[in-house]
Protein chains: 2
Amino acid sequence: MDLNERKKKILHSIINEYIKSAEPIGSRHVAKNLDIGLSSATIRNEMADLEEMGYLEQPHTSAGRIPSDKGYRLYVDSLMNHHEMTVSDLASLGNVIELQMGQIDKIIKRAAEVLSQLTNYTAVLTTPEMKRGAIKTVELVPIDASSALIILVTGEGVMKHKRVLLPAGTDITFVHNFSALLREKLSGLTLDEITAAKISEIRRAMQAHFELLFPVLDFIADIIDDVRAETEVYTSGATNMLAYPEYSDVRQAKEFLDFLNDKNSVVKMLQADSAEGSIPGSGGINIRIGKENELDVMQKSSIITANYYVGDQVMGKVGIIGPTRMDYPKTIAKLQRVSALLNRILYEFYIDED
Amino acid sequence: MDLNERKKKILHSIINEYIKSAEPIGSRHVAKNLDIGLSSATIRNEMADLEEMGYLEQPHTSAGRIPSDKGYRLYVDSLMNHHEMTVSDLASLGNVIELQMGQIDKIIKRAAEVLSQLTNYTAVLTTPEMKRGAIKTVELVPIDASSALIILVTGEGVMKHKRVLLPAGTDITFVHNFSALLREKLSGLTLDEITAAKISEIRRAMQAHFELLFPVLDFIADIIDDVRAETEVYTSGATNMLAYPEYSDVRQAKEFLDFLNDKNSVVKMLQADSAEGSIPGSGGINIRIGKENELDVMQKSSIITANYYVGDQVMGKVGIIGPTRMDYPKTIAKLQRVSALLNRILYEFYIDED
DNA sequence: TGTTAGCACTCTATCTCGTTGAGTGCTAAT
DNA sequence: ATTAGCACTCAACGAGATAGAGTGCTAACA
């Protein structure tokens, strides 16, 4: 039994219908409302075949059919029509650009909001892993007589700060000199290069009279560790999912929301995209459908991810989570648009000011 | 008909039971399991009285009674036993203290987490309104040839930063001088004092050769507006509510969660505590029960709020949201403990480093 | 040989209806 | 004033009965 054109067309129609209604689709419905030109009996036979081949399943004997994960897989890989965003959707994207002057994490956060509003699903973004990022500047800013602020800025525009106590009676000029020396020693290094050994080396290389401020070096090591380890996760529209019948059970809804609140799980999920899921020629779009995802909470959901870049370096992941019957074509189009927009904004943000 | 001691005792017992079970309480249950020493028939009469007086209600004719909002009100005002935290609860509070070295918003965030874990309800905290806060320091830190970071630190330890573009070819020493001048002009002023007029005044007072950097002043005005307007809201344990039968309907759950996501609504709610709700001698604890709250989403919930301070200045609000049948005594005890702890930590953080 | 009409069959969803049991209110006895 | 007793009410539950959507199969048809 082979998957001929007619079978594909029927499958395609069924999936489209199911995406809209979330109700099992019967042969009669296909024959009447969809433009196939066959009787319900014929459709019935074809549907039986499609079920045998694993593309459809039946919730129970006398219900219609719903697509299986395998069915969706075929759908996203070769069946579905690709989609262009509508004018009104595009218009609402304009707002994102206005944030160009803000900081990088605000832009990313905003992108998550836009995506979730645009799609009515849940958007998830991760900020870049900074291992290979370079330090742009380090500054020690005195706040008052007894404390100062360490500020670290990376090439990607990420900023991190920490307050440190100064030994009593430290002279301000002294702090400034130390700050200048720090900057000289550290700027340009990538975060990977700043190991404990490197810190010790700097400590030795400094003149002895900075000894008073040596504890500050430890704080700098801390803060760099923070930046290095830190992958922030922004989620938006988590509650959108509660509007879909798939999540009408509160307990499952809770599980899903708790999962989204757990940063580590989300990062892990976003980074785990599989080779099987990547859509050729889509610019790095990756889709995992239902059980293709190992996580229990995701068995009824799908996730579509994309990378975003500055220049040619991957900065992070954008993902959209929806029920398995989510509207793949539209969602993919929106995801592509937003990630492209994000690329452009970050590029301008990053390159222009370089 | 008056509310004698026996009626009070019965009401007290019923409310305690209902808080545990979330099921209507019948006269038989009260007579058997609770230590009153009266027959179910007598209890029945008393319960009928209590209903007539408005302290109890009946979901339907042949169900038991549940407390009304008025019943809860009486309960929290004069019936309930006050509660001490258990040893194990206290032990888990120890962890909060370790964050002393972190920044103020991390501490506040952590406090929300601790509270929600401790109570199994939803914790909400607001950060202070900064109108009367003073500026501790302002710094303009060059990042590269074309951009710099404005950094603003207030007396409360809040830090805010923004990246600005510099005119091409700006000299670094020049930036430093400008930065020093800024600091001199602005530090010590409260945020309220820095009006548009004040900014113009500073602009005029500066030597003309800083003209190039005048646009930076506008950014400073922006950033100060941000700090002034900004009341951050931290929420923790939002999904805890989904475990209670009161929220078993997904639609209501969604409404509640959406409400929590809306910063403005939450701030408004936290600030709207009423005179009727404040518990005398409890150190500023305020309770609003069910319909005492105007908000639709809160009709089935109660909120207990407290203020927290640095020294004698109110910094913000802590609130715990639960179903109306929440365990008031325990929750109040925990809220008091955590806000006291918060006060102490902030006091140390703020005063020690001053 | 592929398509279709027809029909018996299956299974869920929904409704009704009786039953159960928890709880009440009232009355009469203590 | 309290309590035992009893009739009454009502939600919850389960057992049929019914409707209807949808299927699979067979036989007729082009």
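Residues numbered from 1 in each chain as written. Chains lettered and ligands numbered in written order. Predicted model: local features only at pLDDT ≥ 70, side-chain atom pairs only at ≥ 80, totals over all residues. Heavy atoms only, no water.

### Points about the overall build of chain A
Counted only if it meets this: Each helix is a run of DSSP H or I of at least 4 residues and each strand a run of E of at least 2, with the numbering of both proceeding from the N terminus. Accessibility here uses a 1.4 Å probe with only protein chains present; expressed as a share of the type maximum, an area under 20% marks a residue as buried, one over 50% as exposed, and anything in between as partly exposed. Whether two residues are in contact is decided by their heavy atoms: any pair within 4.5 Å suffices. Here the Shrake-Rupley method, with its probe set to 1.4 Å, supplies the accessible areas, and only the displayed protein chains count as covering residues. His residues and chain termini do not enter the charge count, which takes Lys and Arg as positive and Asp and Glu as negative. To locate a charge, take atom NZ for lysine, CZ for arginine, CG for aspartate or CD for glutamate.
Counting its regular elements, chain A contains 12 helices and 10 strands. For chain A, the C-alpha atoms occupy an extent of roughly 90 × 40 × 35 Å along the three principal directions. In chain A, buried positions account for 54% of the 354 residues. Considering only residue pairs separated by 6 or more positions, chain A has 63% of its internal contacts joining residues 24 or more positions apart. If you sum the accessible surface of chain A, you get close to 15,800 Å²; carbon and sulfur atoms cover 48% of it. Charge-centre separation for chain A: the mean point of 39 positive side chains lies 4 Å from the mean point of 49 negative side chains.

### Structural notes on helix α1 (residues 5-21) of chain B
Our working definition: A helix is expected to reach a length of 1.5 Å times the quantity of its residues less one.
Look at α1 of chain B: 24 Å from first C-alpha to last across 17 residues, which is about the 24 Å you get at 1.5 Å a residue. For α1 of chain B, the set of buried residues is Lys7, Ile10, Leu11, His12, Ser13, Ile14, Ile15, Glu17, Tyr18 and Ile19 of chain B.

### Some thoughts on the relation of the copies chain B and chain A
Rules: Here the copies are matched by least squares. The fit uses the C-alpha atoms of residues with pLDDT of at least 70 in both.
Taken as rigid bodies, chain B and chain A are interconverted by a rotation of 180° and an axial shift of 0.1 Å, the fit giving an RMSD of 0.2 Å. In the structure described here, the two chain copies are related by an operation that fits a two-fold rotation axis. For chain B, the minimum C-alpha distance to the rotation axis belongs to Val250 of chain B and amounts to 2.9 Å.

### Topic: the packing of helix α7 (residues 172-186) of chain A against helix α9 (residues 214-229) of chain A
All names here are of chain A. Quick reminder of the rule: In this analysis, axes come from line fits to C-alpha atoms, helices being fitted only over the stretch in contact, and the angle between any two N-to-C directions falls in the range 0 to 180 degrees. Comment on the angle field: the value is read as roughly parallel under 35 degrees, roughly antiparallel over 145, roughly perpendicular from 65 to 115, and oblique elsewhere. Helix crossings are classified by the rotation of the near helix relative to the far one: an anticlockwise turn of less than a right angle makes the crossing left-handed, while a clockwise turn makes it right-handed. Residues are grouped as follows: Ala, Val, Leu, Ile, Met, Phe, Trp, Tyr, Cys and Pro are nonpolar; Asp, Glu, Lys and Arg are charged; every other residue, Gly included, is polar.
Remark: α7 packs on α9, axes separated minimally by 12 Å, with the N-to-C direction vectors making an angle of 45°. When the axes of α7 and α9 are compared, the pair comes out oblique. The crossing of α7 and α9 is right-handed. Along its contact with α7, which presents Phe178, Leu182 and Leu186, the element α9 presents Val216, Leu217 and Ile220. Across the contact of α7 with α9, the residue classes break down as six nonpolar, no polar and no charged.

### Digging into the sheet that holds strand β5 (residues 147-154) of chain A
All names here are of chain A. Note the threshold: Strands qualify as paired when DSSP identifies two bridges or more between them.
Strands sit in the order β4-β5-β6 across an open sheet of three strands; the sheet is antiparallel. Where the open sheet ends on each side, the last strands, each with one partner, are β4 (135-144) and β6 (159-165). Along the sheet, successive strands turn relative to each other by an average axial angle of 20°, direction set aside. Relative to β5, β4 runs antiparallel, the two being bridged by eight bridges.

### Details of the packing of aromatic side chains
Threshold: Pairing of aromatic rings covers Phe, Tyr and Trp, the last through its six-membered ring, and needs centres within 6.5 Å; plane angles under 30 degrees mean stacked, over 60 mean edge-to-face, and all others mean tilted.
Enumeration over the complete set of coordinates arrives at eight aromatic pairs over all chains. For the ring pair Tyr72 of chain A and Tyr328 of chain A, a centre distance of 5.9 Å and an interplane angle of 50° mean the geometry is tilted. Residue Tyr72 of chain A is located in helix α4 (residues 69-79), and its partner Tyr328 of chain A is located in helix α12 (residues 328-352); the two are separated by 256 residues in the primary sequence. A centroid spacing of 6.2 Å and a plane angle of 65° characterise the contact between Tyr75 of chain B and Tyr328 of chain B, whose relative ring orientation is edge-to-face.

### Observations regarding the protein's contact with DNA strand D
Heads up, the rule is: Being near a molecule or strand, for a residue, comes down to having at least one heavy atom within 4 Å of it. Distance and chemistry together define a polar contact, namely a pair of N or O atoms within 3.5 Å, with one atom able to donate a hydrogen and the other to accept it when in protein, and with adjacent residues in sequence counting only for side-chain atoms on both sides.
Around DNA strand D lies a shell of 20 residues, among which Ser27 and Arg65 of chain A together with Arg6, Thr42 and Ser62 of chain B are the nearest. Sugar and phosphate atoms constitute 76% of the interface atoms of DNA strand D, taking the interface as everything within 4 Å of the protein. Side-chain polar atom of Arg44 of chain A to a base oxygen of DNA strand D: 3.1 Å apart, as the coordinates give it. In this structure, Ser39 of chain B approaches DNA strand D through a main-chain N or O atom, which is 3.1 Å from a phosphate oxygen. Mapped onto the surface near DNA strand D, the elements with two or more residues apiece are α3 (40-52) of chain A together with α3 (40-52) of chain B. The biggest single contributor to the surface near DNA strand D is α3 of chain B, with four residues. Taken together, the residues that form the surface near DNA strand D break down as four nonpolar, 12 polar and four charged.

### Here we look at the pairing of β4 of chain A
With 10 of its 10 residues buried, β4 of chain A lies for the most part within the structure. The turn linking β4 of chain A back onto β5 of chain A is made up of two residues.

### As for the interface of chain B and chain A
Counted only if it meets this: Using a 1.4 Å probe, buried area is obtained as the accessible area two parts lose upon being combined, added over both of them.
Taken together, the 34 residues of chain B in the interface contact 35 residues of chain A. For the pair chain B and chain A, the summed buried surface comes to about 3,200 Å²; carbon and sulfur atoms form 63% of the total. Summed over the shared surface of chain B and chain A, the result is four residue pairs in polar contact (both at pLDDT 80 or more). Looking at the side of chain B that touches chain A, the elements that each hand over two or more residues are β4 (135-144), β5 (147-154), β6 (159-165) and α10 (250-261) of chain B. Looking at the side of chain B that touches chain A element by element, the count peaks at seven residues for β4 of chain B. Residue composition of the side of chain B that touches chain A, grouped by class: 14 nonpolar, 11 polar and nine charged.

### Details of the protein's contact with DNA strand C
Close contacts around DNA strand C come from 20 residues, with Arg6, Thr42 and Thr61 of chain A together with Ser27 and Arg65 of chain B the closest. The sugar-phosphate share of atoms of DNA strand C within 4 Å of the protein amounts to 76%. Here Ser39 of chain A contributes a backbone N or O atom positioned 3.1 Å from a phosphate oxygen of DNA strand C. Take Ser27 of chain B: an N or O atom from its side chain is 2.6 Å from a phosphate oxygen of DNA strand C. When contributions to the surface near DNA strand C are tallied by element, the ones reaching two or more residues are α3 of chain A together with α3 of chain B. A total of four residues in the surface near DNA strand C trace back to one element, the largest contributor, which is α3 of chain A.

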